[in-house]
Amino acid sequence: MAAMASPGLQIATRPCVSFCCRDSKTRTAIIGADLKGDPQTKFTSSSHISHMQPFIRSITCTPARFNKVVTKAMSGASEKVAAAGLPIDLRGKRAFIAGIADDNGYGWAIAKSLAAAGAEILVGTWVPALNIFETSLRRGKFDESRILPDGSLMEITKVYALDAVYDSPGDVPEDVKTNKRYAGASNWTVQEVAELVKHDFGSIDILVHSLANGPEVSKPLLETSRNGYLAAISASSYSYVSLLKHFVPIMNPGGASISLTYIAAERIIPGYGGGMSSAKAALESDTKVLAFEAGRRHKIRVNTISAGPLRSRAAKAIGFIDMMIDYSSANAPMQKELLADEVGNAAAFLASPLASAVTGTVLYVDNGLHAMGVGVDSPIFKDLDIPKEELKS
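Thresholds applied
Residues numbered from 1 in each chain as written. Predicted model: local features only at pLDDT ≥ 70, side-chain atom pairs only at ≥ 80, totals over all residues. Heavy atoms only, no water. 1 Å grid on protein atoms, 1.4 Å probe; cavity = no way out; pocket = protein on both sides within 12 Å on 5 of 7 lines; lining within 4 Å. Points joined across faces, edges and corners; volume = space filled by probe spheres on them. Nonpolar A, V, L, I, M, F, W, Y, C, P; charged D, E, K, R; others polar. Salt bridge = Lys/Arg side-chain N within 4 Å of Asp/Glu carboxyl O. Helix = DSSP H or I, 4+ residues; strand = E, 2+ residues; numbered from the N terminus. Buried < 20%, exposed > 50% of the residue type's maximum accessible area, 1.4 Å probe, protein only. Contact = heavy atoms within 4.5 Å. Polar contact = N/O pair within 3.5 Å; in protein donor to acceptor, adjacent residues only side chain to side chain. Expected span 1.5 Å × (residues − 1). Axes fitted to C-alpha atoms, helices over the stretch in contact; angles between N-to-C directions. Parallel < 35°, antiparallel > 145°, perpendicular 65-115°, else oblique. Left-handed = near helix turned anticlockwise from the far one by under 90°.

Caption draft 1: How the structure looks around empty space enclosed by the protein. All told, the structure shown has two cavities of 30 Å³ or more when counted by the stated rule. Here the largest cavity is characterised by a volume of approximately 60 Å³. In this structure, the largest cavity is lined by Tyr262, Ile263, Ser306, Ala307, Gly308, Pro309, Ser328, Asp366 and Leu369. Of the residues belonging to the lining of the second largest cavity, the class tally is three nonpolar, three polar and two charged.

Have a look at this one:
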């Protein structure tokens, strides 16, 4: 394999080593990496603990396999050698990813791909999940899934407490303020987090919205309450409007924003209820309007990725994720299970200069399932000569 000097992700037309994961757990081939020594990784939290005093937590992870932590995807023998192919190079860019609470979903996969292309990673984590997330990072529970294609570990520069349901401190109801799950945390509304990021780093280049919640998602739409419906819209779609509203002023011109949607915005998906399909439809509509407004006013591109089903912890809460994955594998043009990394890599493309003319777009990363008009696994099509593979249990 020829040496590749660029630290960015590569789009090349030559033999390459493939990297794949299931549930965002990566099985990685190591290319010319020295795996001796200890990484020193620091994670800094903006949240507050006892007596409301700010804290900075340094976390050292010491698996004996790695000697340094960088954010390069692939490195060659010499930086002076010109890279073949078309690089996704995000060196010098800073990304804020809202909605990562573990190492198991699309938000995490997007963070990894952006880091692999050279971007600096900031994370916004739901307030009640912050301590568990940081503890898992500190104890090395995410080390395996932090491995980048070159064998190094993804570095997260800073973790912020964030609840994107609330725009400013005045919006937070008293019962949330006094909730023990929020005890010791402060400055976690969208406005406050944007101000903290501006204070800490000045600006960002990439904003990722990986947030969705519908308290009544298991209910059919006809049985969904007004409060449940509005809660789904608030957490899953308006939160994106709010994030852009508050972060766009600190985004550098030429930057990009990305959200995650689902085919239920356009087609009927029985079981995906509680107003969540409506929220995704709103998100896709808002993407177009936000692309116009953010593009004209701030030169920011706005896109959304319609991702196929993934066995993430959040998706399992819906209750039928395994069935949806099996359906997709049986009926999509590409008959395989979707990998989280495939969505992450698509996001890296959208965030890069390679997509400089792409905005207001729904990008489907679902093995082509969105293009199908029928389910070909139906017995009705049993006599048609349709190529298919036996599904593995």
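The structure having been displayed, the exposition proceeds.
Caption draft 2: Structural view of the pattern of salt bridges. The tally for this structure, following the rule as stated, stands at seven salt bridges. Notably, a salt bridge pairs Glu120 with Arg94, separated by 2.9 Å at the nearest N-O pair. Separated by 26 residues along the polypeptide, Glu120 in strand E7 (residues 120–126) and Arg94 in strand E6 (residues 94–98) bring together distant segments of the chain. For Glu120, a relative accessible area of 23% translates into the label partly exposed.

Caption draft 3: A look at the environment of Lys280. As for its position among the elements, Lys280 is in helix H6 (residues 276–298). Looking at Lys280, the relative accessible area reads 6%, which means it is buried. Sequence separation of Lys280 and Ser306 is 26 residues, and the distance between their C-alpha atoms is 9.5 Å. Residues in contact with Lys280, not counting those within four places in the same chain, are Ala212, Leu260, Thr261, Tyr262, Ala265 and Tyr272. From its side chain, Lys280 meets the backbone oxygen of Leu260 in a polar contact 2.9 Å long.

Caption draft 4: The arrangement of helix H9 (residues 340–351) in detail. When the terminal C-alpha atoms of H9 are compared, their 17 Å separation across 12 residues agrees well with the 16 Å that a helix rising 1.5 Å per residue should span. The buried fraction of H9 is high, at nine of 12 residues.

Caption draft 5: Expanded view of the packing of helix H1 (residues 106–116) against H9. The interhelical angle for the contact between H1 and H9, taken along N-to-C directions, is 55°, at an axis separation of 7 Å. Here H9 runs oblique to H1, going by the angle between their axes. Note that H1 runs across H9; the crossing there is right-handed. Of the residues in H9, those touching H1 at Tyr106, Ala109, Ile110, Ser113 and Leu114 are Ala340, Asp341, Val343, Gly344, Asn345, Ala347, Ala348 and Ala351. Of the residues belonging to the contact of H1 with H9, the class tally is nine nonpolar, three polar and one charged.

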